[in-house]
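One letter stands for each residue in the lines below.
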Amino acid sequence: MYDPNADLLTIEQISGARQVLQTSGLCHHTPLLHHVQTLCGLDTDIDLYLKLENMQNTGSFKIRGVVNQMAHIPDSAARGQTHLISMSAGNFGKAFAYMVQQKGLKGTVFMPDTAPVNRAELIKSYGLDVGRMPTSELQPAVDRCVRERHMHYLHPFDDINLMAGHGSVGLEILEDVPDPDVVVVCCGGGGLLGGTAAAIKLSGRSNTRVYGVEPEGAPSMYESRKAGKPVGVQVKTIAAGLAPPYAGPNAYKHNMAFVEDVVLVSDDEIVTAVKRLFSRGLVVEPSGAAAFTALMFGKIPDVKGKKVVVVITGGNVTTQELNKICG
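Residues numbered from 1 in each chain as written. Predicted model: local features only at pLDDT ≥ 70, side-chain atom pairs only at ≥ 80, totals over all residues. Heavy atoms only, no water.

A. Up close: helix H5 (residues 117-125). Of all the positions in H5, only Arg 119, Ala 120 and Ile 123 are classed as buried. On an axial view of H5, the arc spanned by its buried residues comes to 100 degrees, and they lie on one face. Away from its buried face, by an angle of more than 90 degrees, H5 presents the exposed residues Val 117 and Ser 125. In this fold, the buried residues of H5 make contact with helix H4 (91-103), strand S4 (107-112), strand S5 (129-133) and helix H13 (319-326). Where H5 terminates, the next one or two residues include Gly 127, which has phi positive at roughly 95 degrees. (Buried < 20%, exposed > 50% of the residue type's maximum accessible area, 1.4 Å probe, protein only. Helix = DSSP H or I, 4+ residues; strand = E, 2+ residues; numbered from the N terminus. Arc of directions from axis to C-beta. Contact = heavy atoms within 4.5 Å.)

Following this line, the structure appears as structure tokens:
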């Protein structure tokens, strides 16, 4: 249920999450490439920086949020007395499964039946149970497990502790580029976008413009901003990691507080961007390339002469999938 009076993240929460991540040994400060506009074939008037979360542990930024979530689970769950559950199209599920295995706990992941089978097999390899179902059935199925089997739910994109962990991306960006003009972040449920934008704005960068990017086939945050409240949408896109059935209420509130705008990109544009990045030596999945796509196709306004940081969010794509995309 959307609560317009819910609290926003504080810089103390985000900084605290960063400390949790640093002491965990499970996350690292990912590389940030400087002045790569020419390398990426973009307008030389743009000063481009790429934040490479495709090089993060488990292949995406998702581990940041999960590590901080796991630091706040109930004692019964930490002792293994309460089963953990979540839902994911792939990257969150992989990070969740990795953490559950690391802690020696038990977990279940529900996945949309449109997610690649190899993603489900990977999560199973960590010792977790996996259920596949239509996207519209995911949340009701999770809710039943929480209500009837007393499982503890780790939300994949709308939990405050998760968003604080994702905010560490924003803090790292500012360490490497203290005065960015524009930061571009992909948006699915909105946890990464909300956390990153909050970290940047709460660090005193009031003039930095933060943009979210969604696929045209999964515009939940875009439509939520238009509606003035979180809404659900029908989803169909190559960027499965950016296609939850609804925008997160907490993420929506942070989006409205800290994000300049959300723009849309087509699947064909995403494919072109994946090919461009691959030709430059970067292995990026479609969801991970969405922010770069928006910049490449001129969807982000007023970037000439500006320092623009684009977050590359994930690289969990197989050779076979890349061949299909780039073929």
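We are not done yet, so read on.
B. Looking closely at the sheet that holds strand S3 (residues 84-87). An order of S5-S4-S3-S6 is seen for the 4 strands of this open sheet, with the pairing classed as parallel. The two strands at the open ends of the sheet, each matched to only one other strand, are S5 and strand S6 (152-153). Taken together, the 4 bridges between S3 and S4 define a ladder with parallel strand orientation. Across the sheet, Met 87 pairs through a bridge with Phe 110, a residue of S4. (Pairing = 2+ DSSP bridges.)

C. Structural context of the sheet that holds strand S2 (residues 47-52). Judged by pairing direction, the sheet is mixed, and its 6 strands sit side by side in the order S1-S2-S10-S7-S8-S9 without closing on themselves. Looking at strand neighbours, the two that pair on one side only are strand S1 (32-33) and strand S9 (261-265), the edges of this open sheet. In this sheet, strand S10 (residues 307-312) lies alongside strand S7 (residues 182-186) in parallel orientation, the contact comprising 3 bridges. Looking across to S10, one finds that Val 184 is bridged to Val 310.

D. Quick look at H4. Between the first and last C-alpha of H4 there are 19 Å, a value that for 13 residues agrees with the 18 Å anticipated at 1.5 Å per step. Among the residues making up H4, those that are buried are Asn 91, Phe 92, Gly 93, Lys 94, Ala 95, Phe 96, Ala 97, Tyr 98, Met 99 and Val 100. Elements in contact with the buried residues of H4: helix H2 (62-70), S3, S4, H5 and helix H7 (160-176). Residue Gly 104 follows H4 closely and has a positive phi angle near 70 degrees. (Expected span 1.5 Å × (residues − 1).)

E. Quick peek at the pairing of S4. Most of S4 sits inside the fold, with 6 of its 6 residues counted as buried. Here S4 shows a buried face lined by Gly 107, Val 109 and Met 111 and a second buried face lined by Thr 108, Phe 110 and Pro 112. The parallel pair S3 and S4, bridged by H4, forms a crossover whose chirality is right-handed. Taken together, the 5 bridges between S4 and S5 define a ladder with parallel strand orientation. Residue pairing in the sheet places Thr 108 in a bridge with Asp 129 of S5. (Right-handed = clockwise from strand over helix to strand, strands pointing away.)

F. Here's a closer look at the UniProt feature "domain: Tryptophan synthase beta chain-like PALP" (unreviewed entry) in the protein. Feature annotation in UniProt places "domain: Tryptophan synthase beta chain-like PALP" (unreviewed entry) on residues 30-314, given in this structure's numbering. Along residues 30-314 one finds 41% helix and 17% strand; the C-alpha atoms at either end are 12 Å apart. (UniProt positions renumbered as here; feature names shortened; annotations may be inferred.)

G. Layout of unusual backbone geometry. Located in the positive-phi region is His 35, a residue other than glycine, with phi close to 55 degrees. Mapping His 35 onto the fold places it in the loop between S1 and S2. Judged by relative accessible area, which is 49%, His 35 ranks as partly exposed. Positive phi is not limited to glycine here, since Asp 302 has a value of about 55 degrees. Relative to the helices and strands, Asp 302 is located in the loop between helix H12 (290-296) and S10. According to the relative accessible area criterion, Asp 302 is partly exposed, its value standing at 48%.

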